[in-house]
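Next come the chains, spelled out residue by residue.
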Amino acid sequence: MEKLVSKRINIQSVPESYVVPLEKRPGNLVVPLCKTIPVVDLGGGDGRDQTEIIQQILKASQEFGFFQVINHGVSGKTISDMRSVAKEFFEMPVEDIASLYSDDYKQTSRVYTSVDYHNEEVHYWRDNLRHLCHPVEECMHLWPQKPTRYRDVVGTFSVEMRQLGLRILDMIGEGLGLESGYFGDGLSKVQSFSINHYPPCPDPSLTLGLPKHSDPNLISLLLQGDVYGLQVFKDGQWIAIEPLPNAFVVNIGHQLQVYLIPMVLWEFIHRPSIASNGMLRSADHRVVTNSSVARTTVGIFIHPSNECVVEPAQPLVNAYCPPLYRAFQYKEFLSYFISKAGDPEAVLEPFKLQS
Ligand SMILES: O=C(O)CCC(=O)C(=O)O
Ligand SMILES: [Fe+2]
């Protein structure tokens, strides 16, 4: 309980252990409004056909590793209930939140703070609630019981978000020429749910809510709410992701990166004009804090099962387009990812094949 940042609500200065090294500080917090990530309208009500929507998704994944989706089919009520319950959870008395605290990352349902509190050099300004959320009926008994409607609201949200996540994966698969359902089964078997809470911080120029990282899983979907904070690293610059009401921020995780890269090389060889901007990637991102309002975000992470073997998609590999990564079990990747504290430069290294 001592460790939760939610407890530090009235402090006047940032404790030393939260001050990030100078070179990693957010610097001046000007929000570059001119440049933001692509917004993909999944509704298609404006005459675009499915192929066009898929191309927008692939292009955004290639250029940014990030995009937002609107008209995505998740109901407005599900979203507003989820946002309220997420806020209500972190507004509960800190003792209630702390009763769910655990530093053991193997716990399938827990509250913790920062990233890896006991092993990290510096702490980050966030508390997190995380648990598995699929299949809902098998894991719901492990979820918090307060606020009273927590289980109902999170259950509905998790089911609707799974449909959306699998639909986006199917669209990516279709765009790459993979058979429908390619990312079903083992590759998307596990789904986890996360509420991030970033209380107001006395000096946002000294801290980060989350350090530079990229996500280890297949694909992530985030309900950002209405407060700025998430930034993506592109072309040497941090770009703020504009909060759009009712939109989801989608980002490509490392596992999808392993699948997609061979295809980009193929595109590059056969259609260089389309693929000259770089590779589909799991982009680095971070969270900055602010001094005036708490920021609460809700994430859904789709992962392979621990035993699932991840390797470049066989139909996409050929003589012109050799695999860039060796096959590995997802649990092998995850333990390496954790040992490197998510360092984006390092995490894929042992899995790369020599070219
Ligand atoms: O809260 C956010 O804006 C981003 C969270 C995030 O990147 C993560 O949980 O991996
Ligand atoms: Fe992330």
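Procedures and definitions
The residue count restarts for each chain, going from 1 along the sequence in the order it is written. Ligands are numbered from 1 and chains lettered from A, in the order in which they are written. Under the rules for a predicted model, residues below a pLDDT of 70 receive no local features and side-chain atom pairs below 80 are neither given nor counted, while totals for whole chains, interfaces and linings still include all residues. Excluded from the side-chain calculation are hydrogens and water; included are all heavy atoms of the structure. UniProt positions are given in the numbering used here, feature names are shortened, and annotations may be inferred rather than shown by experiment. Any residue with a non-hydrogen atom lying within 4 Å of a molecule or strand is treated as near it. Polar contacts, as counted here, are pairs of nitrogen or oxygen atoms within 3.5 Å of one another; within protein the pair requires one atom able to donate a hydrogen and one able to accept it, and residues that are adjacent in sequence qualify only if both atoms are side-chain atoms. Each accessible area value is a Shrake-Rupley result obtained with a 1.4 Å probe; residue values ignore everything except the protein chains displayed when judging cover. The helix and strand labels rest on DSSP assignments: H or I over at least four residues marks a helix, E over at least two residues marks a strand, and numbering proceeds from the N terminus. Sites may look incomplete because water is not among the atoms; the donors themselves are N, O and S atoms within 2.8 Å of the metal, or within 3.2 Å for Na, K and Ca. For every residue, the accessible area (1.4 Å probe, protein chains only) is compared with the maximum for its type, and the residue is labelled buried under 20%, exposed over 50%, or partly exposed between those bounds. Strands pair, by our definition, only if DSSP identifies at least two bridges between them. Helix axes use the C-alpha atoms of the stretch in contact, all axes being lines fitted to C-alpha atoms, and the angles between their N-to-C directions lie in the range 0 to 180 degrees. By definition, residues are in contact when any of their heavy atoms lie within 4.5 Å. Any Lys or Arg side-chain nitrogen found within 4 Å of a carboxyl oxygen on Asp or Glu counts as a salt bridge.

Per an unreviewed UniProt entry, the protein chain goes by Fe2OG dioxygenase domain-containing protein and derives from Tetracentron sinense. Taken directly from UniProt, the Sequence similarities (unreviewed entry) text for the protein chain runs: "Belongs to the iron/ascorbate-dependent oxidoreductase family."

*Asks:* How do you make sense of the site of ligand 1 when you look at a structure like this?
*Replies:* With respect to spatial proximity, the complete set of residues near ligand 1 consists of N196, Y198, L210, H213, D215, L222, L230, H285, V287, R295, T297 and F301. Between ligand 1 and N196, the relevant distance is 3.4 Å, taken from an oxygen atom to a side-chain nitrogen or oxygen of the residue. T297 is positioned such that a nitrogen or oxygen atom in its side chain is 2.8 Å from an oxygen atom of ligand 1. Contact with the protein chains hides 94% of the accessible area of ligand 1, taken as 300 Å² for the molecule alone. Of all elements in the fold, only strand 5 (190-198), strand 6 (210-213), strand 11 (285-287) and strand 12 (295-303) reach the threshold of two or more residues within the shell around ligand 1. Per-element accounting of the shell around ligand 1 gives the leading share, 3 residues, to strand 12.

*Asks:* Whenever I open this one, the coordination of the iron ion (ligand 2) confuses me. Can you help?
*Replies:* Ideal geometry at a metal centre gives angles of 109.5 degrees when four donors are arranged tetrahedrally and 90 or 180 degrees when six donors are arranged octahedrally. All of the protein donors around the iron ion (ligand 2) are H213 (NE2), D215 (OD) and H285 (NE2); their distances to the metal are 2.1 to 2.3 Å. When the donors of the iron ion (ligand 2) are listed by position in the chain, the intervening gaps give H-x1-D-x69-H. In this pair, H213 sits in strand 6 while H285 sits in strand 11, placing the two residues 72 residues apart along the sequence. Side by side, H213 and H285 carry an identical accessibility label, which is buried.

*Asks:* Would you explain the sheet that holds strand 3 (residues 109-113) in this entry?
*Replies:* Consider a sheet: its strands pair through backbone hydrogen bonds, and that pairing is either parallel or antiparallel. Across the sheet, which stays open at both edges, the 8 strands sit in the order 1-2-10-7-12-5-4-3 with mixed pairing between neighbours. Lying at the two open borders of the sheet, with one neighbouring strand each, are strand 1 (39-41) and strand 3. Pairs of neighbouring strands in the sheet enclose a mean axial angle of 25 degrees, with direction left out of account. Both strand 1 and strand 2 (residues 66-70) contribute to a ladder of 3 bridges, which runs parallel. Paired with V39 across the two strands is Q68, which belongs to strand 2. The strands that helix 5 (residues 150-176) touches are strand 2, strand 4 (127-132), strand 5, strand 7 (219-223), strand 10 (248-252) and strand 12; relative to strand 7, the one it contacts most, it runs at about 130 degrees.

*Asks:* How should the pairing of strand 5 be read in this particular structure?
*Replies:* The two faces of a sheet get side chains in turn, since along a regular strand they alternate between them. Most of strand 5 sits inside the fold, with 8 of its 9 residues counted as buried. Two strands pair when backbone bridges link them, and strand 4 and strand 5 are joined in this way by 6 bridges, in the antiparallel orientation. Considered in strand 5, the bridge of D127 is made with H197. Pairing between strand 5 and strand 12: 9 bridges, direction antiparallel. Looking at strand 12, one finds that I195 is bridged to V298.

*Asks:* Hey, could you run me through the pattern of salt bridges in this one?
*Replies:* Pairing is possible between side chains of opposite charge, provided their charged atoms come close. One pass over the structure, following the stated rule, counts 11 salt bridges. We note a salt bridge from R149 to E88, for which the minimum N-O separation is 3.2 Å. Taken together, the positions of R149 in the loop between helix 4 (136-139) and helix 5 and E88 in helix 2 (residues 76-91) put the pair 61 residues apart, joining distant regions of the chain. With relative accessibility at 29%, the residue E88 sits in the partly exposed group. A salt bridge links D96 to K146, with the nearest nitrogen and oxygen atoms 3.4 Å apart. Linking D96 in helix 3 (residues 94-98) with K146 in the loop between helix 4 and helix 5, this pair joins segments that are 50 residues apart in sequence. Assessed through its relative accessible area of 46%, K146 is described here as partly exposed. Where salt bridges share partners, they join K77, D81, E88 and R149 into one cluster.

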